Every structure is written in structure tokens, then in C-alpha cells.
Amino acid sequence: MNLRSAVLSSLRPRSLPALALCACVLAGITGCRGGVKAFTARLHPRRATSPPNTTDYAEDLERLLDQPTLPQLRWPNYAADQATVRKFYADRDDELAWTRNSIPTPAAMDLLQQFESAAAKGLNPQDYDASEGRWAERLHQLAAIARTHDDSASAQNAIAGFDLALTICSVRYLQDLHNGRINPEIFNFDIDVPQKRAAFDVATLLNDHLVDQSGIPSVIQSVEPQNPLYQQTEAALATYRLLAMEENAAPSPPLPPLPPGARPVGVGGWYAALPQLWARLQFLGDAPPNSPQPDQQASGAEPTHPSHPQPPSARAVHHAPRSYNLQLVKAVTLYQQQHGLQPDGRLGPATIASLNVPMSVRVQQLNDALERWRWLPANYIQPRVLVNLPEFMVRVYDPDNTLAFKMKVVTGEAKDNHATPMFVRLMRYVVFRPYWNLPPSIIRKDLVPDVKRKGLGYLAANDYQLYRNNGRVVTSFTLHDLEHLRYNVRQLPGPRNALGLVKFLFPNAYDVYMHSTPELNLFALTRRDRSHGCVRLQHAAQMALWVLHGDQKDPDQENGWDADKVDLAMTGPLNNRTVNLRTPLPVVIGYFTAMPDEDGSIHFFDDIYGYDKDLEAALAKGRPYERGELQIHATLTPGETE
């Protein structure tokens, strides 16, 4: 029996202190630099499937892992990820992951490249130490250690520190791509990102699919939301980052405003900065890059695809029209269509202000949109119903994720705490011909003033009914009774009901739901934040037919839901009829001020609720971002969200 076998044999019956002592002896015999930790690690089953590496730095790693901060990082505090990082090293028996013989592995270099290009995914490279030459300095230090075969304690500490720093940044990067950087609950958005984060086993992903592996970009792409809208947003970000860099390199003065009191410029009108306007429209891809006769009244050459500006190398700016002609009308209309403006082709103050928005702001809007897509839980990544609040639009998708239809919506007013929040829920019920039970606040604020102006007859004329707590209808009452809330008030089902003839319920903390409305004139507006928080549908019957027809086991069954049956349910005599869905539908009430359209173009919208501003302010504070589970404190009051 050799000396090594003898020592191993002696370990079997001994206590833990004896085991540690013998391990130290063995470490000295074998020349192991990792000490006791390196030796005991070899006695545990290794869970990682990546090729084994050295445990010579195990004690250095353990010493560093004992602290929730790593001072060499730009954002040293990694307490929120400390358990994940510990699991990563425990699963590989405290082996190094990112160097071999003091030389960074190809996988390590690939990850560093991903950190450097994090802005292409809407992230901040600084979050992963890809700034101020931090990784370059560490690589230089490793190169010197490898070249000189430095075996000192400081060299060992540097190698372990490099490994841990790269692991921490990798965990952060993958978590950020998969879950987003911040918990939306801090904005009172009811989206359970903490649960999604807990379910994401990033330590195993790193160990089994990234350490010593090739194809790093494809693995990273797999953790991002697998939604075409997300992917189109990320693709648009590349274009707008180029535009922002070009604009920054050669800035131009903003387009001047119209003279005070001037009307919007139409065909044949005059604008002082036509050349600058034409150049801006060409820059953005809304005006044709080549126009042999730019002042002709015909449409001339086609512009590039809306929101698909040409790369700088492919653009050629030509002479601008000498008047506000049809070419300019067409180009301005294209621009208005993709920026949430009235698409009338006229140049007014809102269009000029929008044209003057820097490309860096558009880049930030795209970044904000990508962050919000990452918040969505797995079963909402490709939702069946997607409301985009700043766009005032809802998109509805069939089971194969193809667009079934989209329609205009009215959302909560931006003032008086009526803003509709972002959240995710399952649609479970459809209610035909609902009653509207008025909350005390709306009785006092809205109904009483109307009755004072128009008399008690206003109530019956608009189908309002007073009743006692036991449900008994009150037929004799005074304005004093109404003012002092002596009775409850409801609006009877019917065409004048504020909730319309059907509502769609996805129970949530805000009491927000979708419903039809008698105020169809609101859908002619460009900006439609005119509700008390709920989402009003332009074509509610179409939504009801789609929801209920698709919810049947056999959509074509006799006596099933069809257009005639939906119409009867909405206009017939049966009130407050609730239909439970067999299969609840994922609904996302989203907030994306940058949103791809079906033709592949990207559209931008105003930050009507200031949600982008709030997100950017929270992220600007840097790490550690707020990620812990929080309680929702809804500003909307249940019952007041019509």
C-alpha cells in the first residue's frame, strides 16, 4: 500500500476533525493548492456536466464567497445572487470555471464579448463591468500571471477573483435577459417576476451549457422571451442605435415651430424649414431616398419601409420640395401613422415636436419595451389578448399565435389617479348585459351634479335606479337622499349603460376589466385615455364572438356560440348573464411606447402615464436593483374603474 492509499484508508473510521487533519496532510503530500476545501470537494458527487477543472483555488473562492460583495466590481453588492453563485460553485465542487492554466477559456471570452455588446439587447454594459477597461485590466493581469508562471498568493487571489467576477456578471446578465432587471411590483404592476426569477435555474444553465461550451450566443438567445414582438423590437433597436450614433456625430438644429396662431401646414402651404423637414423625413425613412423630381405632385419614388430607416451608407439626401406638396403629405402621413399622431398629413405643432425627438430617446423607448417584455411570466410571453395602453390598441391572437384582429380601445385617464396599470391575468368570465353599480365617489362627483343641473328626471332618462341594501327598488326619493347616499344606485342593462352590453373579466387587484361602451365617438380620437381605469372596446361583439366561439370544445357545434347567439345575448331580455370560460385566456395589459406592427415596422407612442420615466429613474440608481417580492398598493379604487 502506498502512502496516498494509506492516508485514504485511515480516513474512513475517523471523526470530522480527524478527516480535516488528514486532508491537510494529504494536501501537503500531493501538493494540492486548494487546501482542505479542494480535497473535501473531491469526496462529493459533482453535478455539473461541463468538463472538470482544477480545485486548486477552492479555498480562495470560498473565502471570497463568504462575503456578499466583491469590491473589484463596478456594482460590488451581489447579495441578491449570492445563493445562486454559491450553488454554481458547489455543483462543480469549487472548481474554477473560466480559466485553464491561468488563461481565459474561449467560453469566457465569448461571455465578455456578450457583456460588451449588452446595449444591443437594451441592457447597460456597465452592469456587467464592461466599462472603464475593467475586464481588459483583469485579462492583462492574467496574461502576466500565465507568462511568468506566478504562483504567489496574490496571483491565486487574482485568478479566483477573475473567476468569481465573471460568474457574478454572467448570473446578472442571464437573469436580466430572462426576467428583466427590476421588479415591476415597485410600480404597483401586478406581475410576479420574483416567482419567475426563482424558477430560473441559472446556476445549472451556466454549468451545463455555457462553461467550456461553444455556441454561447444561441444559448443566451434561448433565455430571452420567445415572442416575435420582442424579437422585432430588439431588431429595431439595432437600427435606432445606428441612427442615434449618426445623429450624435452630426447633430442638426431642431425643426422650428410654426408662427404663433398659424394653422397646420397642408398641401400648397408654406413652412420656413422645408429642406430640413425633408432631410429629417429622409433620415427617418419616411421620405424616399431617391427622387429625381422632388417637386412633382405625383408621389414619386417610394420611401423606405415605415420605421425601417436606411443605414447611413445607403441613404442619399436629395433636394427638398419647394412647397408643401403631395410628396411631403405622404411622407408626413407615414411618420404620423407610426408615432401615434393624427395621420392627416398636415404639419402641426404635435408632429413637429415628435419629429424633433432625438434618436437617443427612441433608443430608450425600445430599451424600456424590452425590459417590460422580460417581466412577463412564461404563460404570458405570447398572450392571447394584448392591450397596449399608450397605443390605445388591443391585439388578439389565435392559438397558433397568428393575429386574429386588433381594435381601438379607450384607457384610463392620465389624471386623477385613473391611469390603467400594467398587469397580467387570466380572462375567466364574460358577462352580458351587466348592471353598473355606481360607487359613492362617482355618485357624489358625477351623478349628483348632473341631477342638480337637469333634475331628478335625469335618472330615469339614463336608466339609473335607486335600491335598498336588500335589493328592493326605491321609487320615491329626493335629491337630499341621493346626496347623502341614503340608497344604492345602479344603471340598468341596456344600450345606455356605461359598461355597454358585455364585459370581460380577468379578476385583479385593480378591478380593471374590458367592456363595451355607448360612447363610440371616443374611438375617433387619436388620444383615448378617457375612462376611469377600465379598457373600453371599439367592437365588443367581435371580441365576445372570438372568446366564446374559441372556448367551445367543438367551435362549430349546433347551438354553440355564433354571431347570432352573441347578438341575442347582448340585445335580448336576459340581464347580467355570466358565461364561465372552459379555458381561461392569458391577458396582458401592457405598456409599450415602442411597439412593432404587423408589417414589421416599429411604432412609437407618448409616455402618457409617465411609466417610462418611472422605469428609467429606478434603473438609473444602478445595482442592486429592487427585485424582492413586494405588496401591490393599487391606486385605482375597486368599483370606480368604469
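For the structure itself, consult the block above.
Residues numbered from 1 in each chain as written. Predicted model: local features only at pLDDT ≥ 70, side-chain atom pairs only at ≥ 80, totals over all residues. Heavy atoms only, no water.

Caption draft 1: A look at the overall build of the protein. Across its full length, the protein carries 22 helices and 17 strands. Relative to its full complement of 642 residues, the protein shows a buried share of 53%. Taking the contacts inside the protein whose residues are at least 6 apart along the sequence as the reference set, 71% of them involve residues at least 24 apart. For the protein, the exposed surface amounts to about 28,600 Å²; the carbon and sulfur share of it is 53%. (Helix = DSSP H or I, 4+ residues; strand = E, 2+ residues; numbered from the N terminus. Buried < 20%, exposed > 50% of the residue type's maximum accessible area, 1.4 Å probe, protein only. Contact = heavy atoms within 4.5 Å. Areas by Shrake-Rupley, 256 points an atom, 1.4 Å probe, with all protein chains shown as cover.)

Caption draft 2: Molecular detail of the pairing of strand E4 (residues 393-397). Within E4, five of the five residues are buried, leaving the element largely enclosed by the surrounding structure. Here E4 shows two buried faces, one formed by Met393, Arg395 and Tyr397 and the other by Val394 and Val396. Sheet analysis places E4 next to strand E5 (residues 403-412), joined by five bridges and oriented antiparallel. Bridging from a neighbouring strand, Arg395 pairs with Lys406 of E5. From the end of E4 to the start of E5, which pair antiparallel, there are five residues, and Asn401 there has a positive phi angle of about 70 degrees. (Pairing = 2+ DSSP bridges.)

Caption draft 3: Inspection of helix H21 (residues 563-571) at higher detail. Every buried residue of H21 is accounted for by Val566, Ala569 and Met570. Buried residues of H21, seen end-on, are gathered within an arc of 95 degrees and therefore sit on one face of the element. Within H21, the exposed residues directed more than 90 degrees away from the buried face are Asp564 and Leu568. For H21, the secondary structure elements touched by its buried residues are strand E6 (423-432), strand E11 (502-505), helix H20 (540-550) and strand E15 (577-590). (Arc of directions from axis to C-beta.)

Caption draft 4: Up close: the sheet that holds strand E8 (residues 464-467). Read across the open sheet, the four strands follow the order E7-E10-E8-E9; overall the sheet is antiparallel. Either end of the sheet is taken by a strand with one partner, and the two such strands are strand E7 (436-437) and strand E9 (473-474). Where E8 lies against strand E10 (residues 488-491), four bridges are found, and the strand directions are antiparallel. Among the inter-strand pairings, Leu466 is bridged to a residue of E10, identified as Val489.

Caption draft 5: Expanded view of the packing of aromatic side chains. Counted according to the given criterion, the structure contains 21 aromatic pairs. Here the aromatic rings of Phe115 and Tyr173 are separated by 5.6 Å at their centres, their planes lie at 70 degrees, and the arrangement is edge-to-face. Of this pair, Phe115 sits in helix H6 (residues 106-116) while Tyr173 sits in helix H8 (residues 153-179), and the two are 58 residues apart along the sequence. Side by side, Phe115 and Tyr173 carry an identical accessibility label, which is buried. Measuring from centroid to centroid gives 5.9 Å for Tyr591 and Tyr609, while their planes differ by 25 degrees, and the two rings are stacked. Of this pair, Tyr591 sits in the loop between E15 and strand E16 (594-596) while Tyr609 sits in the loop between strand E17 (602-604) and helix H22 (611-620), and the two are 18 residues apart along the sequence. Within the aromatic cluster, the residues linked to one another by ring pairs are Phe187, Phe189, Trp375, Tyr591, Tyr609 and Tyr611. The ring of Trp135 has Arg138 lying over it, and the distance from NZ or CZ to the ring centre is 4.4 Å. Directly above the aromatic system of Tyr513 lies the positively charged group of Lys503, at a separation of 5.2 Å from the ring centroid. (Phe/Tyr/Trp six-rings, centres within 6.5 Å; stacked < 30°, edge-to-face > 60°. Lys NZ or Arg CZ within 6 Å of the ring centre and 35° of its normal.)

Caption draft 6: The environment of Pro217, seen in detail. Inspection of the secondary structure assignment puts Pro217 in helix H11 (residues 216-223). Owing to a relative accessible area of 47%, Pro217 belongs among the partly exposed residues under this scheme. Separated by 107 residues in the primary sequence, Pro217 and Asp110 have C-alpha atoms spaced 8.2 Å apart.

Caption draft 7: Geometry of the nonpolar core. Counting 154 residues, the largest nonpolar core has Trp98, Phe432, Phe504 and Met543 as the members making the most contacts within it. Those residues in contact with Phe432, other than ones at most four positions away along the chain, are Leu501, Val502, Ala544, Leu548, Trp561, Val566, Ala569, Met570, Asn575, Asn576, Arg577 and Val579. Among the nonpolar cores identified, the runner-up in size contains 20 residues, and Trp436, Tyr458, Ala498 and Leu499 belong to it. (Core = buried A, V, L, I, M, F, W, Y, C linked by side-chain atoms within 4.5 Å.)

Caption draft 8: Representation of the packing of H20 against H21 in the model. H21 packs onto H20 with a crossing angle of 125 degrees between their chain directions and a minimal axis gap of 10 Å. Classified by the interaxial angle, the pair formed by H20 and H21 is oblique. As for how H20 packs across H21, the hand of that crossing is right-handed. Side by side, H20 and H21 meet where Ala541, Ala544 and Leu545 of the first sit next to Ala563, Val566 and Met570 of the second. Tallied by class, residues from the contact of H20 with H21 come to six nonpolar, no polar and no charged. (Axes fitted to C-alpha atoms, helices over the stretch in contact; angles between N-to-C directions. Parallel < 35°, antiparallel > 145°, perpendicular 65-115°, else oblique. Left-handed = near helix turned anticlockwise from the far one by under 90°. Nonpolar A, V, L, I, M, F, W, Y, C, P; charged D, E, K, R; others polar.)

Caption draft 9: Representation of unusual backbone geometry. Omega for the peptide link from Arg623 to Pro624 comes to 0 degrees, which places this bond in the cis form. With respect to the element layout, Pro624 can be found in the segment after H22. Phi angles above zero are rare outside glycine, and Asn576 is one such case at about 55 degrees. One can find Asn576 in the loop between H21 and E15. Residue classification places Asn576 among the partly exposed positions, given a relative accessible area of 40%.

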